[in-house]
Amino acid sequence: MINMENKNFIRTIIEQDLASKKHDKIVTRFPPEPNGLMHLGHARAIVMNYILSKDYGGRFHLRFDDTNPVKEDTIFVEGIKKDIAWLGCHWDDLYYASDYFDQMYQRALVLVKKGMAYVCDLSAEEIKAHRGDLKTHGIDSPYRNRSIEENLRLFEAMKNGAFADGEKVLRAKIDMKSPNINMRDPIIYRIQRAHHHNTQDDWCIYPMYDFAHPLEDAIEGITHSLCSLEFEDHRPLYDWFVKHTEMPKVPRQIEFGKLKIANQVIGKRLIRQLVDDHVVEGWDDPRLITLSGLRRRGVPPLAIHDFVKALGLPKSEGFTEISMLDEFIRERLKMNAKRIHAVIDPIKVIITNYPADKHEVLEAPLNRENEALGSRELTFSNTVYIERDDFLENKPNKKWKRLSLGIEVRLMHAYFIKANDVEYDENGLVTTIYATYDKETKSGSGFNERKPNGNIHFVDAKTAKPAEIRLYEDLVENVDDGRPVEEKINADSKQVKYGFIEGGINPEVEETFQFTRLGYFTLDKDTDDQRLVFNRTVSLKSSFKPKNK
RNA sequence: UGGGCUAUAGCCAAGAGGUUAAGGCAUCGGACUUUGACUCCGACAUCGAAGGUUCGAAUCCUUCUAGCCCAGCCA
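From a predicted model like this one, the values you see are computed outputs, not experimental measurements. (Residues numbered from 1 in each chain as written. Chains lettered and ligands numbered in written order. Predicted model: local features only at pLDDT ≥ 70, side-chain atom pairs only at ≥ 80, totals over all residues. Heavy atoms only, no water.)

**Q** Tell me about the overall build of chain A, and name the residues and values.
**A** Within chain A one finds 12 helices and 27 strands. Taking 549 residues into account, the globule formula puts the C-alpha radius of gyration at 24 Å, and chain A, at 31 Å, lies well above it. If one aligns the C-alpha atoms of chain A with their principal axes, the spans along those axes are about 100 × 55 × 45 Å. The burial tally for chain A puts 54% of its 549 residues in the buried class. Long-range pairs, those at least 24 residues apart, make up 71% of the contacts in chain A between residues at least 6 apart in sequence. (Helix = DSSP H or I, 4+ residues; strand = E, 2+ residues; numbered from the N terminus. Rg over C-alpha atoms; globule rule 2.2 N^0.38 Å. Buried < 20%, exposed > 50% of the residue type's maximum accessible area, 1.4 Å probe, protein only. Contact = heavy atoms within 4.5 Å.)

**Q** So, the nonpolar core: which residues are in play, and what are the values?
**A** With 65 residues, the main nonpolar core has L40, L87, L291 and I304 as its most contacted residues. The element best represented in this core is helix α2 (residues 40-55), accounting for 9 residues. In this structure, A108, L109, V119 and Y238 belong to the second largest nonpolar core, which totals 36 residues. (Core = buried A, V, L, I, M, F, W, Y, C linked by side-chain atoms within 4.5 Å.)

**Q** How would you sum up the environment of T383? Please name residues and give values.
**A** For T383, the position within the fold is in strand β17 (residues 383-387). Considering only alpha carbons, one finds T383 and I350, 33 residues apart in sequence, at a separation of 4.7 Å. Discounting chain neighbours no more than four positions away, the residues touching T383 are K348, V349, I350, D460, A461 and K462. Looking at T383, its side chain comes within polar contact range of the side chain of N382, at 3.1 Å. (Polar contact = N/O pair within 3.5 Å; in protein donor to acceptor, adjacent residues only side chain to side chain.)

**Q** Provide a residue-level description of unusual backbone geometry, including the pertinent values.
**A** One non-glycine residue, Q200, lies in the positive phi region at around 55°. Looking at where Q200 falls in the secondary structure, it is placed in the loop between β6 (187-191) and β7 (205-207). Notably, E246 is not glycine yet its phi reads approximately 60°, a positive angle.

**Q** Before we move on, can you summarise a negative patch on the surface with the specific residues and values?
**A** A grouping of E473, D474, E477 and D492 is seen on the molecular surface, where their side chains present a negatively charged patch. In this fold, D492 is placed in the loop between β23 (465-472) and β24 (494-501). Classification of D492 by relative accessible area gives partly exposed; the value is 46%. (Patch = residues over 30% accessible without salt bridge, like charges linked within 9 Å, V, L, I, M, F, W, Y side chains within 5 Å. Areas by Shrake-Rupley, 256 points an atom, 1.4 Å probe, with all protein chains shown as cover. Salt bridge = Lys/Arg side-chain N within 4 Å of Asp/Glu carboxyl O. Lys, Arg positive; Asp, Glu negative; His and termini not counted. Charge placed at Lys NZ, Arg CZ, Asp CG, Glu CD.)

**Q** Tell me about the sheet that holds strand β2 (residues 59-64), and name the residues and values.
**A** Strand order across the open sheet formed by 3 strands is β1-β2-β3, with parallel pairing between neighbours. Unpaired on one side and paired on the other, β1 (27-30) and β3 (93-96) mark the two borders of the sheet. Averaged over all neighbouring strand pairs, the angle between strand axes comes to 30°, with direction disregarded. As paired strands, β2 and β3 are joined by 4 bridges and run parallel to one another. Residue pairing across strands places L62 opposite L94, the latter belonging to β3. Sitting on the sheet, helix α3 (residues 74-87) is in contact with β1, β2 and β3, with an inclination near 155° to β2. (Pairing = 2+ DSSP bridges. Axes fitted to C-alpha atoms, helices over the stretch in contact; angles between N-to-C directions.)

**Q** So, the protein's contact with RNA strand B: which residues are in play, and what are the values?
**A** Residues in close proximity to RNA strand B total 71 residues, the closest being K135, R339, S443, Q514 and K541. Sugar plus phosphate: this is where 63% of the atoms of RNA strand B within 4 Å of the protein reside. Measuring from a sugar or linking oxygen of RNA strand B, one finds a side-chain N or O atom of K334 at 3.4 Å. Among the elements of the structure, α5 (124-131), β6, β11 (319-320) and α12 (322-334) are those that each provide at least two residues to the surface near RNA strand B. No other element matches α12, which puts 5 residues into the surface near RNA strand B. Here the residues of the surface near RNA strand B sort into 23 nonpolar, 21 polar and 27 charged. (Near = heavy atom within 4 Å. Nonpolar A, V, L, I, M, F, W, Y, C, P; charged D, E, K, R; others polar.)

**Q** Tell me about the sheet that holds strand β25 (residues 512-515), residues and numbers included.
**A** One open sheet accounts for 7 strands, arranged β12-β25-β26-β27-β23-β24-β13; its pairing is mixed. Strand pairing shows two members of the sheet lacking a second neighbour, β12 (338-340) and β13 (342-343), which therefore form its edges. Of the strand pairs in this sheet, β23 and β24 are connected by 8 bridges, and their pairing is antiparallel. Each bridged residue has a counterpart across the sheet, and for I469 the counterpart in β24 is K497.

**Q** An account of the packing of aromatic side chains is requested, with residue identities and associated values reported.
**A** Evaluation of the coordinates by the stated rule reveals 24 aromatic pairs. Aromatic ring contacts, followed pair by pair, group F101, Y105, F155, Y189, W203, Y206, F211, W240 and F241 into a single cluster. The lysine or arginine in question, K159, covers the ring of Y105, its NZ or CZ lying 4.9 Å from the ring centre. The ring of F163 has K168 lying over it, and the distance from NZ or CZ to the ring centre is 4.4 Å. (Phe/Tyr/Trp six-rings, centres within 6.5 Å; stacked < 30°, edge-to-face > 60°. Lys NZ or Arg CZ within 6 Å of the ring centre and 35° of its normal.)

**Q** Now, about the packing of α2 against helix α11 (residues 301-311): what can you tell me, with residues and values included?
**A** Between α2 and α11, whose axes approach to 9 Å, the crossing angle comes to 80°. Looking at the two axes, α2 sits roughly perpendicular to α11. Contact with α2, carried on its side by L40, A43, R44, V47, M48 and I51, involves I304, H305, F307, V308, K309 and L311 of α11 and no other residues of that element. A breakdown of the residues in the contact of α2 with α11 according to their chemical character gives 9 nonpolar, 1 polar and 2 charged. (Parallel < 35°, antiparallel > 145°, perpendicular 65-115°, else oblique.)

**Q** Explain the side chain of T320 to me, using residue names and the numbers behind them.
**A** Along the chain, T320 falls in strand β11. Ignoring sequence-local partners within four residues, the contact set of T320 consists of L259, K260, I261, A262, F307 and L311.

Now the structure itself:
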């Protein structure tokens, strides 16, 4: 299942370009704007750009598209670098769009000198009004026919700070009647006095995306510039700028469909809102599908690669179910995670015929499917915890493979026990089960005279380590039904349980374990000397369906 | 309604005129099992619709239908 990458049309294009010698090596890039952190949707672009460059022996650039200082922040550039490094998509070169501000200015001058750009004095509202709308073409700006000399003088004055913010803009002179609104004399530069994280206060004019992006690509020699479908309408403009600014290298923009996940909060804007409103506990909240959230939840980066590769790069856009990612996570963890016992919702079991002062140390493998992981010591005594779900006073049906009164089950790696009696608290909740064990049934002894009614896991109460275990469910219900997210927050999306893990284990932060029969859990950074904190990474699959009767 | 796209199973997704329309996820059976896990077997589509071209079409043509994107001095 792993490494089954779907073919895609972009690979076809690259292979053709290589075969025809249009390029002898390809260069791709991932160009985030540092105004938030990366999420699973971005992972598609990051991983595919990275993999494509590797598969065809090319280079992969990480470039921060920092052309709008009022929205961007250096804390996001650091966060994004960290996320991408964690994903394992190592960039060959790191750039900033702001590194090219001077070159971009020079190229804008080329346009002005060719009479293909002009300084416009219209206000933002007037420009909007002149632009027309979807079915009405625009009308020319009264400043459209200024002389080249005047445009040169004015543009330079813009750059030198002679005008107030918003007073003037530089526009491309294309076609106000174009059915493609992007071609109706788009703005190239705006005046914006803001402190830039990289260039400080060197500039008071900043290039717009449509102008900056193609130049960035061309400057870096990007051969295949991948972006999402919404930019298809911008491609004619992209090509126009590359051509008319006379860039020596010509990149090709190719669009693919965005990755959307059903019932998950995706989209930087929405995630930022949840973070700012404290609906979640930060960008790395494990309920978020930000890369940092996935990391904190314990998702292996390669599971994300598998997921992205399985999806390919289609031009269609649909909602992928998160269960697909879950399966890749389990697949990646299966062989590598240590499998230990933990009880999330404990019930105490007292084994009445086991000596109260006795204490055994049993040996158990850490992963039956991967002997290389070795084994651990599991302790056993007359008091153990089992999972509340693993006991029902009366065996409900023949399918029930767990403990009930008068029924015998095996405590994995230990002994068969039979429940004999049970105590409840005032609410009718089981507090203690009294059981007896059969010492002939010790695991590893070869005993096979009878079969237990199932195998359940346990933790020795006398050596157990308390653990806070955080279970996560969907953050928002019916995310995609169009109603505002804040109305649909799932109050139970984070559940905190207090259980135990077996005593011989010393987990490290970010280490993932399989808690036998329960799922995969990862030690959270909130762990301290007082408590172990685990996040549920993903549960195990289960075909168990409680049947009435 | 101007322009640009998309449409293959419950969810993704290959397929680019010619074997029984890949594969994954999910689901449902069954085998195995000291994890109701894993593994293993088995089931699960005529390709948005209607016409047409062709010996032959998911693949070509026509006309529809549905959905997405575009009117920031955001990216």
